[in-house]
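Listed below, chain by chain, are the residues.
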Amino acid sequence: MQLGFVTAILPEQSLEEVFQVAAEIGYECIEVMCWPPGKAERRYAGVTHIDVTDLPGTQVQRIRELSDRYGVAISALSYYPNMLVADRAEGQVYIDHFRKVIDAAALLGVNHANTFIGRDPKKSIDDNWPRFREVWGPLLEYAEEKQVYVGIENCPMIFTNDEWPGGKNLATSPATWEQMFAEFPTPYFGLNYDPSHMIWQRMDYLAPMREFTDRLVHVHAKDMRVDQHRLDRHGIMAVPTKWYEPKIPGLGHVDWGRFFSMLSSVGYTGPVCVEVEDLAFEGSLEGRLQALRQSYRYLRQFV
């Protein structure tokens, strides 16, 4: 396994500066954000460390040279919009851009692209399914043609009342993953698995790694703390951000020793990328760098 981090936490840094940070700390890879250039609409979005809308051969070569110079690989190119949004015109913009992310992953030889399935949060899973088939059938055919593995993160994307109750991502549970992989059995369709989202949903975060071993194409390392006092006050039916907090590894409820033990037992040998969404470290660049350093030191004992 290779330790890495998600570059969204360093939005002000250039790609070369991100490579430099990774090399200085000791990370072996980075998951590179590839949003379209422009203003972010939510935290951790809108970060463009590689502009896939303009990727001439000279830029491809430069990116490869940076990776070689700093000894840090690119684990995946990533873009996390809601491709199943109710507004079809808006959704098509996201779909078209993700195709460019797939193209760039193939050009760079990365061959991994991470994203969300998406969802209309006001509809049930069953009512979202026809749109899921319509969007993801052609996308996965395209990914397979380009030989790029698509990793779907399992974040429910519920942060505000606008996203309640369904959230903006269908792929949040083993039952739904099973249904998705039965619908599209291509091996180029898999999970970018993040245990933290299982914690606040009160689900077993170890069992899916055994059940979906052949679908693990990328892994996130983020921790989660459930505040029992706030949960007791607001209840599980409240918007979840009222009672949970994303944390860096070691400061939440994930048992990372057991987590990495399970990964090694099932034969996973790919990247594990720290995703920093811990508000305690977000106030300054130095705080975010501290989060990356502290996460690396903590996780290094297991990898």
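The structure under discussion appears in the preceding block.
Residues numbered from 1 in each chain as written. Predicted model: local features only at pLDDT ≥ 70, side-chain atom pairs only at ≥ 80, totals over all residues. Heavy atoms only, no water.

1. Some details on the pattern of salt bridges
Filter applied, for reference: Salt bridges are counted wherever a side-chain nitrogen of Lys or Arg sits within 4 Å of a carboxyl oxygen of Asp or Glu. Runs of E in the DSSP output that reach at least two residues are strands. Runs of H or I that reach at least four are helices, and both are numbered from the N terminus. A 1.4 Å probe rolled over the protein chains alone gives each residue an accessible area, and that area as a share of the maximum for its type sets the label: buried under 20%, exposed over 50%, partly exposed in between.
Applying the stated criterion to the full structure yields 15 salt bridges. A salt bridge links Glu-16 to Arg-69; the shortest N-O distance between them is 2.9 Å. Residue Glu-16 is found in helix α1 (residues 15–25), and its partner Arg-69 is found in helix α2 (residues 57–70); the two are separated by 53 residues along the sequence. Residue classification places Glu-16 among the partly exposed residues on the basis of a relative accessible area of 25%. Owing to a relative accessible area of 53%, Arg-69 belongs among the exposed residues under this scheme. One salt bridge connects Asp-103 with Lys-146, and the closest N-O pair in it is separated by 3.8 Å. Separated by 43 residues along the polypeptide, Asp-103 in helix α3 (residues 88–108) and Lys-146 in helix α4 (residues 125–146) bring together distant segments of the chain. Exposure remark for Asp-103: the relative accessible area of 26% places this residue in the partly exposed category. The class for Lys-146 is partly exposed, based on a relative accessible area of 32%. Because the salt bridges share partners, they merge into one network encompassing Arg-225, Asp-227, Arg-230 and Glu-245.

2. Concerning the packing of aromatic side chains
Definition in use: Here a Phe, Tyr or Trp ring, Trp counted by its six-membered ring, pairs with any other such ring whose centre lies within 6.5 Å, and the pair is stacked when the planes are under 30 degrees apart, edge-to-face when over 60, and tilted otherwise. We call a charge positioned over a ring when the NZ of a Lys or the CZ of an Arg lies within 6 Å of the ring centre and within 35 degrees of the ring normal.
Taken as a whole and assessed by the stated rule, the structure comprises 22 aromatic pairs. Aromatic pair Trp-177 and Tyr-193: ring centres 6.1 Å apart, planes at 90°, arrangement edge-to-face. Placement of the pair is Trp-177 in helix α5 (residues 174–183) and Tyr-193 in strand β6 (residues 189–193), with a sequence separation of 16 residues. We note that Trp-177, like Tyr-193, is buried. Considering the side-chain rings of Trp-243 and Tyr-244, the 6.2 Å spacing of their centres and the 85° angle between planes classify their relative orientation as edge-to-face. Aromatic rings pair up to connect Phe-98, Trp-136, Trp-177, Phe-181, Phe-189, Tyr-193 and Phe-212 into one cluster. A cation over an aromatic ring shows up here: Arg-99 above the ring of Tyr-142, its NZ or CZ 4.6 Å from the ring centre.

3. Some remarks on unusual backbone geometry
Unusually for a residue other than glycine, Met-157 sits at a positive phi of about 55°. By the secondary structure assignment, Met-157 is in the loop between β5 (149–153) and α5. On the accessibility criterion, Met-157 (5% relative accessible area) is buried. At Arg-202, a position not held by glycine, the phi torsion is positive, near 65°. With respect to the helices, strands and loops of the structure, Arg-202 is situated in the loop between α6 (196–200) and α7 (207–211). When its relative accessible area of 46% is taken as the criterion, Arg-202 is described as partly exposed.

4. Some details on the side chain of Asn-154
Convention followed: Under this definition, polar contacts are N or O atom pairs within 3.5 Å; protein pairs additionally need one hydrogen-donor-capable and one acceptor-capable atom, and for neighbouring residues in sequence, both atoms have to be side-chain atoms. We call two residues in contact when some of their heavy atoms are within 4.5 Å.
Tracing the backbone shows Asn-154 in the loop between β5 and α5. Among the polar contacts made by the side chain of Asn-154, one reaches the main-chain amide nitrogen of Asp-194 at a distance of 2.8 Å. Beyond its immediate sequence surroundings of up to four residues, Asn-154 is in contact with Asn-169, Ala-171, Thr-172, Trp-177, Asn-192, Tyr-193, Asp-194, His-197 and Met-198.

5. Considering the sheet that holds strand β10 (residues 271–274)
Under the convention used in this document: At least two bridges found by DSSP between two strands is the condition for calling them paired. A fitted line through C-alpha atoms serves as each axis, taken over the contacting stretch for helices, and the angle formed by two N-to-C directions is quoted from 0 to 180°.
In space, the eight strands of this closed barrel follow the order β1-β2-β3-β4-β5-β6-β7-β10, with parallel pairing throughout. With strand direction ignored, the average angle separating the axes of adjacent strands in the sheet is 30°. Bridge count for strand β1 (residues 2–6) against β10 is four bridges, and the pairing is parallel. Residue Phe-5 lies in a different strand from β10, and its bridge partner there is Val-274. Packed on one face of the sheet, helix α9 (residues 256–265) meets β6, β7 (216–221) and β10 and runs near 170° to β7.

6. What to know about the pairing of β7
A regular strand carries its side chains on alternate faces of the sheet. Counting buried positions over the six residues of β7 gives six, a clear majority of the element. In the sheet, β6 pairs with β7 via three bridges, with the strands oriented parallel. In the sheet register, Asn-192 faces β7, and the bridge partner there is His-218. Summarising the sheet, β7 and β10 pair through three bridges and their orientation is parallel. Directly across from Val-219, in β10, lies its bridge partner Val-272.

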